[in-house]
Every structure is written in C-alpha cells, then in structure tokens.
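Structural characterization, general
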Amino acid sequence: MALLELQQVSFIYPNGSKALDQVSMSFEEGEKVAIIGQNGAGKTTAVKLMNGLLKPTSGTVIVDGWNTLEHTTAQVSSKVGYVFQNPDDQIFHETIREEVEFSTRHLNLSESEASQVVNEALQLTGLMDVADLHPYSLPYSLRKFVAIAAVLAMQTKVVILDEPTAGQDARSLERLTKIIEHLTKNGKTVIMITHDMNYVADQFDRVIAMANRRVVSDSTAKEIFWNPAVMKESHLQAPPVTQLAGTLSLGGRIITVDAFVKACKGTKE
C-alpha cells in the first residue's frame, strides 16, 4: 500500500471554481517526485489536499492509512509537512531557533531530544550560525530555508516543498539538494512543486506533469521532457540543453548538461 495516495480526487472551491478533476497519484516511502505544470494546473491544490489543509470534494486522499476526511488538519499535518511557496506565510517567531523549536512541541520529546532535533534541522539547512537572528534579517531566498527547517523539525513522513528553487543561487540549490538527499536516505518521501526544469532534470527521476486540473503524465523526467505533446499540453518548455540536443539530433534523449557533453564528445570521437 502506498504511503500517500489521491484516488480520483476532485476539488471545487466555495466560489464554484474547480481546481482538480478526477486526479489520481500515489507516493511510496523514501521516494522523491517533482510535480510540474503551468500556474493554475492544480499543483498547489493537490498538495494542500495531501496534508489536510483542504479536503476533497469527491474522491479519497489516504495518508499513511488515514482517510483525510476522518482526521483533522492538525492530525494529517503531523504526517505530511508542507513548506509554503512564500515562507512569510509560515514564519511568526522572533528568532530562527524559536521558529524551529515551535515545530517540536507536538512530538512529546524530552528537552534534550527536542534540542537535538532542532539543531539537526538548523545544521542541515545551514542556519546554525544565524539561529539567534530574527528570520526577517535574512533575505527572502534564505527565509525559505527557515520554513524548511521548521518543517524538518516536525519529523513528518512526507515533506512537500512548494517552489523552493525560486530565487535561489547555485550554493542554495546545492544545499537544497543535500536536504532532499538526506530526507530520502532516511526513508522520508519528498514531493516538490517547481517551475525549474533544469533542477528537475538534474535531481528527479519521477515527474508528474499537470495541466487543466488533471494529471497529463506520470513518468520519468526523460520521457516527459522528450514528449512534445505532454510539454505542449502542460505549457512548459524542456530544459534548454534538451532543446539544443534535439536541434543537433543527438541521440539518447538528453536532459542534463553532463549527458550533453558526453554525447558531444562521443560524436567527435
């Protein structure tokens, strides 16, 4: 049985706007999956259903054996942590450490155990040296890591990251990659919404493409980026290196720079 599953889920907002239409997807323990698609495709609505912020209008959402309709948002969010696209929607404490400490209050840990969890989250996100600063003393891009640290401290089985790559430099993307690797290595499931196709190509094998409130394709990054029909319906562009490889008629369905370089060397040899 999957750790997390949406079964024929539809969702209609109170104003009558349909955000999801018969969407099904499932996720296993320790898996990392990218969800891509244009704005309005239904990505954020889908993940909010996963952690109980929203409840399905029809269909079923199962989280670790729980039907979300039968549990409160607080109960579901103890299993599925959600890092909002805008970190300022989550941050409300005077220091970064206090922000992260707050996330441990429901875990029934001893003081020393809670301190260890907090320190690990701060260390993993690169915030240990600035832990006593006010979160808003950091630039917006780094405040995203404050929100990530707070969710990591919740010790949830699933971590959802909504557009964490936006506005990040190469060093921060490397930090993000290490966080995701740490989580999956320890059996956590990571689901990420992003418009950064280069990052998806480099870091994710499984990709779910959405458009018009439905799942268009659930496959590998390579299969999706080399499927013109899927990319057109999703209103997305494949990574530039993929487009160039197609123009040059290089084989191998290239999606990364490393693969492109190897292919070019092979043609010369």
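From a predicted model like this one, the values you see are computed outputs, not experimental measurements. (Residues numbered from 1 in each chain as written. Predicted model: local features only at pLDDT ≥ 70, side-chain atom pairs only at ≥ 80, totals over all residues. Heavy atoms only, no water.)

1. Notes on the side chain of Lys79
Here Lys79 is to be found in the loop between α2 (73-77) and β6 (80-83). When its relative accessible area of 15% is taken as the criterion, Lys79 is described as buried. With near-sequence residues (within four places) excluded, Lys79 lies in contact with Val63, Asp64, Trp66, Thr156, Lys157 and Val158. (Helix = DSSP H or I, 4+ residues; strand = E, 2+ residues; numbered from the N terminus. Buried < 20%, exposed > 50% of the residue type's maximum accessible area, 1.4 Å probe, protein only. Contact = heavy atoms within 4.5 Å.)

2. A closer look at the packing of aromatic side chains
Two numbers describe a pair of aromatic rings. These are the distance of the centres and the angle of the planes. Overall, the coordinates contain 4 aromatic pairs when judged by the stated rule. In this structure, Lys32 packs its charged tip against the face of Phe204, placed 5.6 Å from the ring centre. One cation-aromatic arrangement involves Arg175 over Phe145; the distance from NZ or CZ to the ring centre is 4.9 Å. (Phe/Tyr/Trp six-rings, centres within 6.5 Å; stacked < 30°, edge-to-face > 60°. Lys NZ or Arg CZ within 6 Å of the ring centre and 35° of its normal.)

3. What to know about unusual backbone geometry
Positive phi values are uncommon outside glycine, yet Gln8 reaches one of about 50 degrees. Topologically, Gln8 is positioned in strand β1 (residues 4-12). Residue class for Gln8 comes out partly exposed when judged on its relative accessible area of 42%. Even without a glycine there, the phi angle at Arg213 is positive, about 70 degrees. Looking at the secondary structure, you find Arg213 in the loop between β9 (206-211) and β10 (214-220). For Arg213, a relative accessible area of 32% corresponds to the partly exposed category.

4. Some remarks on helix α5 (residues 140-152)
With 13 residues, α5 extends 19 Å from end C-alpha to end C-alpha; this agrees with the ideal 18 Å at 1.5 Å per step. Most of α5 is tucked away, with 11 of its 13 residues classed as buried. Along α5, the residues classified as buried are Ser141, Arg143, Lys144, Phe145, Val146, Ala147, Ile148, Ala149, Ala150, Val151 and Leu152. Buried-residue contacts for α5 involve β6, α3 (96-102), α4 (111-124), β7 (158-162) and α6 (170-185). (Expected span 1.5 Å × (residues − 1).)

5. Concerning empty space enclosed by the protein
Scanning the model with the defined rule gives 1 cavity of 30 Å³ or more in all. Taken as a whole, the largest cavity holds about 30 Å³ of empty space. Forming the walls of the largest cavity are Lys32, Thr177, Ile180, Glu181, Tyr199 and Gln203. Elements that contribute at least two residues to the lining of the largest cavity include exactly α6 and α7 (197-203). Within the lining of the largest cavity, the residues separate by chemical class into 2 nonpolar, 2 polar and 2 charged. (1 Å grid on protein atoms, 1.4 Å probe; cavity = no way out; pocket = protein on both sides within 12 Å on 5 of 7 lines; lining within 4 Å. Points joined across faces, edges and corners; volume = space filled by probe spheres on them. Nonpolar A, V, L, I, M, F, W, Y, C, P; charged D, E, K, R; others polar.)

6. Thoughts on the pairing of strand β8 (residues 189-193)
Put simply, side chains in a regular strand alternate between the two faces of the sheet. Of all 5 residues in β8, 5 are buried; the element is thus mostly enclosed. Where strand β3 (residues 32-36) and β8 come together, 4 bridges link them in parallel fashion. Across the sheet, Lys32 pairs through a bridge with Val190, a residue of β8. The parallel pair β7 and β8 is bridged by α6, and the resulting crossover is right-handed. (Pairing = 2+ DSSP bridges. Right-handed = clockwise from strand over helix to strand, strands pointing away.)

7. Some thoughts on the pattern of salt bridges
A pair can form between side chains of opposite charge whenever their charged atoms are brought close. In total, this model carries 10 salt bridges according to the counting rule given. Asp88 is the salt-bridge partner of Arg143, the closest N and O atoms lying 2.8 Å from each other. In this pair, Arg143 is assigned in helix α5 and Asp88 in the loop between β6 and α3, connecting sequence segments 55 residues apart. Since its relative accessible area comes to 10%, Arg143 is described here as buried. Residues Arg97 and Asp132 are paired through a salt bridge, measuring 3.9 Å at the closest nitrogen-oxygen approach. Placement of the pair is Arg97 in helix α3 and Asp132 in the loop between α4 and α5, with a sequence separation of 35 residues. Residue class for Arg97 comes out partly exposed when judged on its relative accessible area of 22%. One network of salt bridges, with partners in common, ties together Lys18, Asp21 and Arg214. (Salt bridge = Lys/Arg side-chain N within 4 Å of Asp/Glu carboxyl O.)

8. Quick look at the pairing of β9
A large share of β9 lies buried, amounting to 6 of its 6 residues. Residues Arg206, Ile208 and Met210 point to one face of β9 and Val207, Ala209 and Ala211 to the other, with burial holding for every one of them. Bridge count for β3 against β9 is 4 bridges, and the pairing is parallel. Of the residues in β9, the one forming a bridge with Ala34 is Val207.

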